[in-house]
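Examining the three-dimensional arrangement
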Amino acid sequence: MSNLTIDADRLWSSLMETARFGGTPDGGIRRLTLTEEDRQVRDWLRAQCEALGCTLTVDALGNMFATRPGTDPDALPIAMGSHLDTQPTGGKFDGVLGVLAGLEVLRTLDAAGYVTRRPLMLVNWTNEEGSRFSPAMICSGAYAGAFTVEDVLARPDAQGVRFGAALEGIGYAGAAPVGSVKFGEMFELHIEQGPVLEHEETTIGIVTGVQGMRWYDLVVEGVAAHAGTTPMKLRRDALATAAELILAFRRIALAHDGVATVGEIGVVHASRNVVPGEVRLTLDLRHPETAALEAMERAVEAELARPELAGTPVRLTRTWDSPPVVFDAGCVAAVAAGAAAAGYSAREIVSGAGHDSVYAARVVPTSMIFVPCKDGLSHNPAESATPADCAAGAQTLLNAVLARADR
Ligand code: HGY
Ligand code: MN
Ligand code: MN
Ligand code: MN
């Protein structure tokens, strides 16, 4: 193992510097994919990578690949990366830590004049969050062949702006065909976005896999009616039914030891003195095992079929299915060895959150590194991690990558 050490202050300084692109007064970040703020942070990253002598390739979905040459130009690069986009109420670390830690690895090698045998590659995946354009991880998904480029480019946001138009608008519609930029392995550093590592006072999460996720859209169809003249027994109140469903989904998740989240609720043509006639919901179901996800989905369907809901029928559409993922044992071992070499406390963990590595793992050996975040909070402006933990994650990344880059 090399004795190269990342520069913790330089990493932290870049995390704080990039936090201004979309920074919000409450200390969070709102940097939705393919917005002006996203363009700013992409331009910043491009400049940093080019200053290190990397070659930047952008593909047709705006995925960015910066390659640092090795001594063997024919060897497949080792990739490090994550995403720069955030949730509308995002924080300073989700995604960007993985990109900036990869940049810190490149900076450390550059400062040491150290050239690896295999090239190294830093990746920024477009639209990991799936908040503006659904579903999440759609561009790493397209890279892995799970979505066509045409399908992605045509997807509209809530204002009807198509992905392709937004991508053109920020100048990151690249020439490289999606999937054409090759790498041999992927290592992604990310905050855990949950409370386990912090609770156990463990520095590094050796991520062995990612739980399965299914997304649904639901439309509850009632009848809009006068709020004053329509007796309770004669109402077809879509919002009352939606309220019952939200609690039913919660019971289903608890019964299966999974998670269920009603992410958005919209009352169509809402007005305070109109009985809600139509309500639209989103539902996010997750579980580490496919059989349990199936069982949860069947339980949701049974709930919607209850005779009591005949007056407010519900249309359910599954819009995304991301099966559970098991990461490559060799890459997982490289992360464990990278943490051990630096003397960090570490434990294996399955990711509750989705990440671009879910799709990277379909095409190359992949693993992830987690570091703790305060109170396990994420997708929240209060998201926070310590400089020491961020540095530990980056050092583990450097150690894991170097162990393979010179073989
Ligand atoms: O939803 C997710 O798990 C991811 O953070 N987009
Ligand atoms: Mn993320
Ligand atoms: Mn996220
Ligand atoms: Mn994520």
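Residues numbered from 1 in each chain as written. Chains lettered and ligands numbered in written order. Predicted model: local features only at pLDDT ≥ 70, side-chain atom pairs only at ≥ 80, totals over all residues. Heavy atoms only, no water.

The name given to the protein in an unreviewed UniProt entry is Zn-dependent hydrolase, with the source organism recorded as Ancylobacter defluvii.

1. Thoughts on the layout of surface pockets
Using the following cut-off: Points on a 1 Å grid, built from protein atoms alone, make a cavity when a 1.4 Å probe fits but cannot get out and make a pocket when they are open with protein on both sides within 12 Å along at least 5 of 7 lines; residues with an atom within 4 Å of a point are the lining residues. Grid points are joined across faces, edges and corners, and a volume is the space filled by probe spheres set on the points. Asp, Glu, Lys and Arg are counted as charged, while Ala, Val, Leu, Ile, Met, Phe, Trp, Tyr, Cys and Pro are counted as nonpolar; the rest, among them Gly, fall into the polar class.
Its boundaries defined by the atoms lining it, the second largest pocket holds a volume of some 210 Å³. Lining the second largest pocket we find Met232, Arg235, Arg236, Asp237, Ala240, Thr241, Glu244, Glu308, Leu309, Gly311 and Thr312. When its residues are assigned to classes, the lining of the second largest pocket shows three nonpolar, three polar and five charged.

2. A short note on the packing of aromatic side chains
Two aromatic rings are characterised by how far apart their centres lie and by the angle between their planes. The condition is simple: Centre distance within 6.5 Å is the pairing criterion for rings of Phe, Tyr and Trp, where only the six-membered ring of Trp is used; planes under 30 degrees apart are then read as stacked, over 60 as edge-to-face, and the remainder as tilted. Elements are defined by DSSP. Helices are runs of H or I of four residues or more, strands are runs of E of two residues or more, and each kind is numbered from the N terminus. Buried residues are those whose accessible area, probed at 1.4 Å on protein chains only, stays under 20% of the maximum for their type, while exposed residues exceed 50% and partly exposed ones sit between those limits.
Per the counting criterion, the structure on display carries nine aromatic pairs. Measuring from centroid to centroid gives 5.7 Å for Trp12 and Phe93, while their planes differ by 35°, and the two rings are tilted. Note that Trp12 is positioned in helix H1 (residues 8-18) and Phe93 in the loop between strand S3 (78-83) and helix H3 (96-112), a separation of 81 residues in sequence. On the accessibility criterion, Phe93 (2% relative accessible area) is buried.

3. Points about the coordination of the manganese ion (ligand 4)
Heads up, the condition is: Donor criterion used throughout: N, O or S atom within 2.8 Å of the metal, extended to 3.2 Å for Na, K and Ca. Water excluded; incomplete-looking sites may result.
Ligation of the manganese ion (ligand 4) by protein atoms is provided by Glu128 (OE) and Gly354 (O), these donors lying 2.2 to 2.3 Å from the ion. Here the manganese ion (ligand 4) and the manganese ion (ligand 2) are spaced 3.1 Å apart. One end of the pair, Glu128, is in the loop between strand S4 (120-125) and helix H4 (138-143); the other, Gly354, is in the loop between strand S14 (346-351) and helix H11 (357-363), and 226 residues separate them in sequence. Accessibility expressed as a relative area gives 4% for Glu128, which makes it buried. A relative accessible area of 10% means that Gly354 is categorised as buried.

4. Regarding the UniProt feature "domain: Peptidase M20 dimerisation" (unreviewed entry) in the protein
As a reminder of what qualifies: UniProt positions are given in the numbering used here, feature names are shortened, and annotations may be inferred rather than shown by experiment.
Summarizing the sequence annotation, UniProt attributes the feature "domain: Peptidase M20 dimerisation" (unreviewed entry) to residues 209-307 in the numbering used throughout. The span residues 209-307 shows a helical share of 34% and a strand share of 36%, and its end C-alpha atoms are spaced 40 Å apart.

5. Remarks on the environment of Leu76
Here is the rule: Any two residues having at least one pair of non-hydrogen atoms within 4.5 Å are treated as being in contact.
Inspection of the secondary structure puts Leu76 in the loop between strand S2 (64-68) and S3. Distance in space between the C-alpha atoms of Leu76 and Pro119 is 6.8 Å, their sequence separation being 43 residues. Not counting residues within four places of it along the chain, the set of residues in contact with Leu76 comprises Arg118, Pro119, Lys182, Phe183 and Gly184.

6. Things to note about the coordination of the manganese ion (ligand 3)
Surrounding the manganese ion (ligand 3) are the protein donor atoms Asp94 (OD), Glu129 (OE), Glu129 (OE) and His379 (NE2), which sit 2.1 to 2.5 Å from the metal. Going along the chain, you hit the donors of the manganese ion (ligand 3) in the pattern D-x34-E-x249-H. Under the relative-accessibility criterion, Asp94 is labelled buried at 6%.

7. A few points about the nonpolar core
To be explicit about the condition: We define the nonpolar core as a collection of buried residues of types Ala, Val, Leu, Ile, Met, Phe, Trp, Tyr and Cys that are connected through side-chain atoms lying within 4.5 Å of one another.
Ranked by size, the top nonpolar core spans 97 residues in total, and within it Leu45, Leu120, Phe183 and Phe187 carry the most contacts. Top contributing element to this core by residue count: helix H12 (residues 387-405), with 10 residues. Excluding residues that lie within four positions of it along the chain, Leu120 makes contacts with Ala66, Thr67, Arg68, Pro77, Ile78, Met80, Val105, Leu106, Leu109, Val401 and Ala405. Ala253, Leu281, Met296 and Leu309 belong to the second largest nonpolar core, which has 19 residues in total.

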